[in-house]
Each structure stands twice: as structure tokens, then as C-alpha cells.
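Residue-level structure breakdown
Here is what each chain is made of, one letter per residue.
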Amino acid sequence: MESMLNKLKSTVTKVTADVTSAVMGNPVTREFDVGRHIASGGNGLAWKIFHGTKKSTKQEVAVFVFDKKLIDKYQKFEKDQIIDSLKRGVQQLTRLRHPRLLTVQHPLEESRDCLAFCTEPVFASLANVLGNWENLPPSISPDIKDYKLYDVETKYGLLQVSEGLSFLHSSVKMVHGNVTPENIILNKSGAWKIMGFDFCISSSNPSEQEPNFPCKEWDPNLPSLCLPNPEYLAPEYILSVSCETASDMYSLGAVIYAVFNKGKPIFEVNKQDIYKSFSRQLDQLSRLGSSSLTSIPEEVREHVKLLLNVTPTVRPDADQMTKIPFFDDVGAVTLQYFDTLFQRDNLQKSQFFKGLPKVLPKLPKRVTVQRVLPCLTSEFVNPDMVPFVLPNVLLIAEECTKEEYVKLILPELGPVFKQQEPVQASNMILLIFLQKMDLLLTKTPPDEIKNSVLPMVYRALEAPSIQIQELCLNIIPTFANLIDYPSMKNALIPRIKNACLQTSSLAVRVNSLVCLGKILEYLDKWFVLDDILPFLQQIPSKEPAVLMGILGIYKCTFTHKKLGITKEQLAGKVLPHLIPLSIENNLNLNQFSSFIAVIKEMLSRLESEHRTKLEQLHMMQEQQRSLEIGNQMNASEETSVTHTGSQIDKVFNNMGTDLLTGGESENKEDGLQNKQRRASLTLEEKQKLAKEQEQAQKLKSQQPLKPQVHTPIAPSKQTKDLTDTLMDNITSLTSLSASTPKLSASSTFTSVPSAGLNMMFSTPIDNTKRNLTNGLNANLGFQTSGFSMPVNPNQNFFSGSSTAGVTTMTLGAAPTLSSYSPLSVPPAAVKQAQQRPADMSALNNLFGPQKPKVSMNQLSQQKPNQWLNQFVPPQGSPGMGSATMGVQANVMGQAAFGMQGNPFFNPQNFAQPPATMTSSSSASNDLKDLFG
């Protein structure tokens, strides 16, 4: 890598040194900056051609430099001859002005080391292009090395040389004397120019007489730079020491042959014995046949043969050569017309430019860029011609690379972008640019797009011409992806909306909606929802085309994956706007069907999304509720475990007393405990207590469940005596309590201290209907192990005003009770329990042998005393004493508490109970014996 850098550095240093030494001290350097060495030309390719720039105007030029070091080998008088010959040629060229002659922009300047002059920009000499690279830098430019002449370039180049010779022969009365590839220069645009007038011969006769051109005899002792190139010299120069205009035509024939023969001349001349060589050449020319000209195109082969004829009078003159069919090529004629364009009027120019798009595709790209494009852009100074020239310029731009476009075309288009006068031409320019907008946005740099291209688009949207607005709206979607988002959002979209709202043309309004619909995908979702959709409701017209355009935008937004309309927007804005539009009278059946289809699709999605949301919300609420209930149950279990033992003892020790006193002592203790608990509650417990109170309040606010009427069972004729059953049940229960081991602290049991025997069962008693079996409530239930049901302490389970609270206890599963069926109906089975009578078989098994059940209907048909006698054993029954009174009190208490309002149990049908219930010590003792 370092060696390559060093090599490059040495090369650059050497070139710079060569350039510096070549022009050092020359007056040309005061006005021009000399650049790199690009070509060579002139007689013997003695002139080095450099790229240059004028310091004052930055105008590009070519600097021709002759380094006097090339002639150091010659004697002084020979050096002077060479210098004089070179000076003569440049001075003659400077005096002549013609499009086919190389244009001199600064005359010859001489310094101690060199000769130098400046011309129009130059590409290379024809000799360089044909492969003669003498006097070129070591690193030959690829542009020259790989250069290939196209047919149109060759034809038009030879035509230009012919036209230049015609000018010299006819107008100047001059013979060039040295027409060779070295003296034909290709300028930067590819035009062929003549130079090298070192050996030109002017007519010695006055202009009105026949021209006479004196010729000098060939002197082989002169330096080669003081003699013309003999390989392109007519035979009469050497053999008869004469010349005329036909001599130049012979040289032209030799040039044509060399062009089509890779730069090789038709004859090679031995400069040491030139007379002998020309004699041999003369003999060959006299026998010249078509076989020697096979490399030349057939359509010009005969003309070349005539040009190389030995007899000068047979050769065609320059004017005749310009008219041969070989030069009637479309491309050559087009290029020739461009060279004479400055002579045409606007009408002729406009007709030519209209037909030019058909010709440009036939021309090579290099020809259009180098030759045609400069001629076209030079017409931009004429505002009336811009609409005719611009399509051709943009057609060439399509074939250019982005770099070529930025360098060659874009600088020329800058003024055209801003042109607004005359108005008709300005409108045509807008139309042309809009049609080629994709080209402009693709190849124009972003800064220039923002500064030049987009302002022109905005101007088109605001133009008074409806045609321009329509075209602009139709074209915008084709290049919307090339517009940066801020420009689209802040400048383009507002102008489209204004065009839609302010226009009086239905076509412009519809095209505005269509344009918006097509560019929605380049916008973001929230901009569409916040800016585009509200705009649709501002459109005043109700024509079907406008309504369908509105529907199209809604549908595109609704169905596009990137955009989409939220369900809030659908429900609140879109559907309230679309539904009234769908029933407009102007819509036909198909249009109405389109509206309804979109509305149904929107409603379907609205329903789906909102239903999904509600289902998810419901699931979350259920999960939260179950979590809260679980936490409450766990907290209740933990609290009850610590007090299980004492509560069980308290229940069984105070059961008999509670039956008589109504649970007053228990209420007092619960009150004390509640006071202590309230005094020692933590924050978490207070929060849980508040949640429980809220839940209890919700339960109170719910409507009570209506009891279902059950069909009463037909009364049985057989009267059942319940005295023996009650005795057996009490006996079995006494033995059971005596043999039952102590319950574990993990079981659950519910104590109801104010309800007598019903304290053992947790199911609430229905106030409206009570089916009694065996003298007990059919709805009584037994709380099984492992189930805990928290109950509000203020809740009334027996519909009585003085019912005490329920305390929940956690009990272990008793081994002796594992075989019994639970009598308490679970919450999930409440509905089922209401639909059919409770199965009391387990209760009957517990208290005694199974006996026929007495229905409510049977009991209601018996007399009061008879019904009461079922609960009172005959007089003299042992062991019943005060216990009977307790049972009677219990039964009558139930009638007083829960049977009021029951049609089956009217208090008037019963014997009036005592006004007060007297506590009996024997009854209390019996109950204590019963429960241990």
C-alpha cells in the first residue's frame, strides 16, 4: 500500500513538474490556470494539450503548449524554422473564424521555454482517438484509450471537415496543405475542428480571378516539423510541385481511409527516398480497385476512390462531398441542424424540437450528452422555447446517470423550475415537469428537491388551471414514496385539502379524495385519525362520486394493516358520519351496497373488539373476587383455630342455659370479645373487615329469594305417636355424647346460641314455609368438617327480632360422625333444596328408628290439643318430667318466632302457650345430661 502511494505521489509530482516547467514564465499563466495534460495535436503531435480555466470567469479552456525542449537536438536555424512554422500556423488559425475551425480564445504567447495559446475546450485529436498516443502522458486517460467512434460521429465528423474545407476553398481561397488526423481536433462536445495551418497556401490572385496557389518544392533536409505529413499529401506536391484545392480533397480521402482502417494510412512513405515512394504510390493509385477499400463502408467507397484519384480534376470538391448520400444520415442531419440552430427563427426551432424526441433514441448516449444537450440547454434563455426544449432535455436525463444528471442537467434546470412568465409557457412547463416527476425526484438531491421541485408541485396544486390541478393530483401518488414525510405532512397534504374544499370543479374534488386515498399508506396512523378523517366531514358536496371517494378513504383506513381505526373512533365519529351518507338519494343500488358492506364490517369489528374487552374484564373481576374470598376464608380459619377448644367447651357447657335464657350471656361475651377485637385490630384486619361490611351491604341490597310453593303430600290416615321416637332419640344422643371422643381443633361447627335445639344446624329457616318432620325443622342442617361459612353477626337466621349472632368454629372431623350424611345444604344446592323437600332420612337415622313422616297438611288437619299431644308423652311416662316442658317451650317458641304468617301454621289453631317460660333446674340438668 505504501509503495502504491509513493508511486502515485511520484507520478503526480512528475506531472506537476512537467506542467510547471512547460508553461513557467509564459504570459498565458497570468490569465489561465493550467491543469492536467489531456491530449496532443498539431503537426507531428508536437502540441501538448492541457485542461485550463480562465481565472476571471472560471471558463473552461484548452491550453496548447509547445515545449522547446523537443527541438534541442536541432541547430539554431532549424529551431528558428520550426518555431516560425508553428507560430505561422497558430496566427493563421487565430485570424480565421468558422464553426468548423478550432476557436482560439487567447493568442499565441512565447516565453523562453515554450509557446502557448488557448482555445475552446478540447477532448483530443483524431490521431489520439485512432490510437496514436505520441506526446501523451505515461498514464493515458481511459477516456481516450477506450474511446470508440460511433457511425453517426464518424459521418458527421467527416461532414464537418468537408464543410471546413469548403469554407477555406470557397470563402478564404486557401489550401490547407496538411489535412491529417493530427490536425483534426475533437472538442469537448465531440465536434470535429480543423487546426494546423502551418503549411496553408493562400491564393496569389485577386479574389475575382481564378485562384492560384504557389507551392514550394519538397526539401528533405528540413526538420520533419517544417514539412507536412507525406502519408496524407497529394502526389502532385512531390511529383509536379503543384497544389490546388483538389490536393486537400486527396488528403480528405486519405483521412477517411485511415478513420475506417484503425488510423493506418493507405500508403506508407519512406521519408528517406520520398520521390521513389511517391512514384510507387502513383502507380498503385492508378490501379486502385474496390478490393483495396474493403474496410470503407460501401455507400462511401466510390467517393473515396474518386478522392484518391491521381488526376486532381476528377476528385470531388468540398461542396460536392457535403452533399453525398453517405451524409444523409438522420443523426448526422440532426447534429448538422443543431450547428445551424442560431440561424433559425422560433417557428423553425419549435417544429424541429417537436420532432426531436423521435430521433434522440437513435443517437448514442455520448452523442446526445456531448453534442445535443449543450445545444438544447442553450435555448433555455429563450422563455418561449422552453416548453419545446424541456421534454427533450428530460428525455436525455433519463439515460444519464445520477452523477451526469447532477453535473450536466440540473444546473441548467434551476431557472426553469422557477419560471412563471409568460403564463402560458409556465403552465406548459408545469405539465411537463409533473409528467416527469418521478425522474426529478429520483435523480435530484434531497436539498434541491425541497428547494426547487416540491415548490413547483405546490404551485401546480394552487394553479388556476383545472387541467394542471387534475394532472398534479393524478401524478402525486406515483412519486409519494419519494417525498420526505415532513414535507408531505406540513405542505403537500394541506394543499390537497384546500384544493378539495375550495374548488368548484367536481373532477378536482374527486381527484383530491382519490389522491388522499392512495397516499394514506405513506402517512402515520394518528395523523390520519386526527387530520384526514375529520376533514372528510367538512366536504360540502353530496355527489355520488364524492361520497364514494369519502367511503374509499374510510375503507382504506379501516382495512390497512398499518393504519386502522380505533373502536372509539368507529363508534363516535366514523359510523355517525357514514350511516347518514349511505341513505343519500343520489346513490344507486351498487353504491348503497358498498356503503352498507363497509358499515357492517365496521360494526362487526366494533362488536368483536368490545366483546373481547368485556370478557377479559369479566375474567379479571372473577379472578379478583375469588382471590379475595380465598383470603377471607384463610383469615377466618386462622382466627377460629386459636379459639376452637374454648369455643367447643363453651358451646357444650352453656347449651342448656342458652336454651332457657335466649343466649343473653353469650351475647355479652361476644360483645366483650368484639370490643377487645376492635381495640386490637391491625390495618390489614380493618381493611378486610371493611370489605366484609361492603359485601354484607351488597347482600342486604339484593332482593330476597321468593319461596317456591310445593305440593303438599296427601295426609296419612295413621296418626303417628312421636313420644316414643323422641325418647329413643334422646337416649341415643345421650349415649353418643358419652362415647364420642374429644373433637380435634381443626373441625368446623356452627353455634347458634339463641335458637334452642336449632343451634346445632346452620341452614337458615324459611319464614314463609316450614315443613316439620319428627317435630323438628326439615331445613335443619349439620355443618360438615372442612367447611367454614362466615356469617354477619347481625344477620337473623330465624326471622326473629331477638335472634343472636352466629359464631363460626373450626372443628376436626369426628370419627364417629364420618358415616353421617351432612344435613346442611351447600350454597350451590340452595336452588335444588328450594325445589324439593329436604331428605331427612339421615336425621331420622340419628334420632331413632324410621317411622312414617307427618306432613304439614296432616298436622294442620289435627286439633290443637291432638297436634300438641304428639310432642307430649302420656301422663306417668318415666324420665320426661321437666324435659317435656322444655320441648313444649321449644315447640311453642318456634311457633312464635318462625310460623307467624304461615298459612299452614295459624296461631289461632294452637293452644295458647304460657305467657312466660319458667326456667326449670331439672330441664337444665336434663339438657346438660343430653349434651354431656
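Below you will find a few notes about this structure. (Residues numbered from 1 in each chain as written. Predicted model: local features only at pLDDT ≥ 70, side-chain atom pairs only at ≥ 80, totals over all residues. Heavy atoms only, no water.)

**What about the overall build of the protein?**
Along its length, the protein carries 36 helices and 14 strands. With 932 residues in all, the protein has 45% of them scored as buried. Taking as baseline every contact in the protein between residues at least 6 positions apart, the subset at least 24 positions apart corresponds to 69%. In the form shown here, the protein has an accessible surface area of approximately 48100 Å², with 53% of it arising from carbon and sulfur atoms. (Helix = DSSP H or I, 4+ residues; strand = E, 2+ residues; numbered from the N terminus. Buried < 20%, exposed > 50% of the residue type's maximum accessible area, 1.4 Å probe, protein only. Contact = heavy atoms within 4.5 Å. Areas by Shrake-Rupley, 256 points an atom, 1.4 Å probe, with all protein chains shown as cover.)

**What to know about the sheet that holds strand β9 (residues 192-194)**
Pairing within the open sheet is antiparallel, and its three strands lie in the order β6-β8-β9. Edge positions in the open sheet fall to β6 (122-125) and β9, since each of these has one partner strand only. Ignoring which end each strand starts from, the neighbouring axes of this sheet average 35° apart. With three bridges joining them, β6 and strand β8 (residues 184-187) adopt antiparallel strand pairing. In the strand pairing of β8, Val122 is matched with Asn187. Its contacts with the sheet place helix α6 (residues 151-172) against β8 and β9, and it is angled at close to 25° to β9. (Pairing = 2+ DSSP bridges. Axes fitted to C-alpha atoms, helices over the stretch in contact; angles between N-to-C directions.)

**Points about the nonpolar core**
In this structure, Phe66, Leu413, Met437, Leu440 and Ile476 are the most contacted members of the largest nonpolar core, which totals 192 residues. Once residues within four sequence positions are removed from consideration, Leu440 is found in contact with Leu394, Tyr405, Leu413, Phe417, Phe433, Val453 and Met456. Among the nonpolar cores identified, the runner-up in size contains 10 residues, and Val23, Phe32, Phe50 and Cys118 belong to it. (Core = buried A, V, L, I, M, F, W, Y, C linked by side-chain atoms within 4.5 Å.)

**With respect to the environment of Cys114**
Residue position: Cys114 is located in strand β5 (residues 114-119). For the pair Cys114 and Leu70, spaced 44 residues apart in the sequence, the C-alpha separation amounts to 10.0 Å.

**Notes on the packing of helix α21 (residues 485-502) against helix α23 (residues 525-536)**
Contact pair α21 / α23: the axes reach a minimum separation of 11 Å and the direction vectors enclose 10°. The pairing of α21 with α23 is recorded here as roughly parallel in orientation. Handedness of the α21/α23 crossing: right-handed. Mapping the contact onto sequence places Tyr485, Lys489, Ile493, Lys497, Cys500 and Leu501 in α21 and Phe527, Asp531, Ile532 and Phe535 in α23. (Parallel < 35°, antiparallel > 145°, perpendicular 65-115°, else oblique. Left-handed = near helix turned anticlockwise from the far one by under 90°.)

**With respect to the environment of Asn451**
Structurally, Asn451 can be placed in helix α19 (residues 446-461). Residue classification places Asn451 among the exposed positions, given a relative accessible area of 51%. C-alpha of Asn451 to C-alpha of Phe417: the two residues are 34 residues apart in sequence and 9.9 Å apart in space. Of the polar contacts made by the side chain of Asn451, one reaches the backbone oxygen of Asp447; its length is 3.0 Å. (Polar contact = N/O pair within 3.5 Å; in protein donor to acceptor, adjacent residues only side chain to side chain.)

**Looking at the packing of aromatic side chains**
Summed over the entire model, instances satisfying the criterion amount to 10 aromatic pairs. With centroids separated by 5.1 Å and ring planes inclined at 85°, the aromatic side chains of Trp47 and Phe117 adopt a geometry described as edge-to-face. Here Trp47 is found in strand β2 (residues 47-54), whereas its partner Phe117 is found in strand β5, with 70 residues between them in sequence. With respect to class, Trp47 is no different from Phe117; both count as buried. One aromatic cluster in this structure is built from Trp47, Phe64, Phe66 and Phe117. Against the face of Tyr147 rests Arg366, its NZ or CZ located 4.1 Å from the ring centre. Of note, Arg495 hangs over the ring of Tyr458, and the distance from its end group to the ring centre comes to 4.5 Å. (Phe/Tyr/Trp six-rings, centres within 6.5 Å; stacked < 30°, edge-to-face > 60°. Lys NZ or Arg CZ within 6 Å of the ring centre and 35° of its normal.)

**What about the pairing of strand β3 (residues 60-67)?**
The buried fraction of β3 is high, at seven of eight residues. Here β2 runs beside β3; their pairing, made up of six bridges, is antiparallel. Residue pairing across strands places Ile49 opposite Phe64, the latter belonging to β3. Two strands pair when backbone bridges link them, and β3 and β5 are joined in this way by six bridges, in the antiparallel orientation. Note that in β5 the partner of Asp67 across the bridge is Cys114.

**Structural notes on α19**
For α19, which comprises 16 residues, the first-to-last C-alpha distance of 21 Å matches the rise-based estimate of 22 Å (1.5 Å per residue) to within 8%. For α19, the principal kink sits at Val453 and spans about 35°; a proline, Pro455, occurs within the next four residues. Among all positions of α19, only Ile449, Ser452, Val453, Leu454, Met456, Val457, Tyr458, Ala460 and Leu461 are buried. On its buried face, α19 is in contact with α16 (402-417), α17 (423-435), α18 (437-443), α20 (466-479) and α21. (Expected span 1.5 Å × (residues − 1). Bend = angle between axes of the 7 residues up to and from the residue.)

**A few points about the side chain of Glu120**
Along the polypeptide, Glu120 turns up in the loop between β5 and β6. Taking the relative accessible area as the measure of exposure, Glu120 reaches 10% and is therefore buried. At a separation of 3.0 Å, a polar atom in the side chain of Glu120 contacts the main-chain amide nitrogen of Thr103. At 2.9 Å, the side chain of Glu120 forms a polar contact with the side chain of Lys193. Residues within four places of Glu120 in sequence aside, it is in contact with Ala62, Leu101, Leu102, Thr103, Gln105, Asn187 and Lys193.

**Observations concerning the sheet that holds strand β4 (residues 104-110)**
The sheet built from five strands is open, its strands ordered β1-β2-β3-β5-β4 with antiparallel pairing. With one partner strand each, in any of the chains shown, β1 (32-41) and β4 form the two edges of the open sheet. Between one strand axis and the next, the sheet turns by 25° as a mean value, whatever way the strands run. On the sheet, helix α3 (residues 76-95) packs against β2, β3, β4 and β5 and is oriented at approximately 160° with respect to β4.

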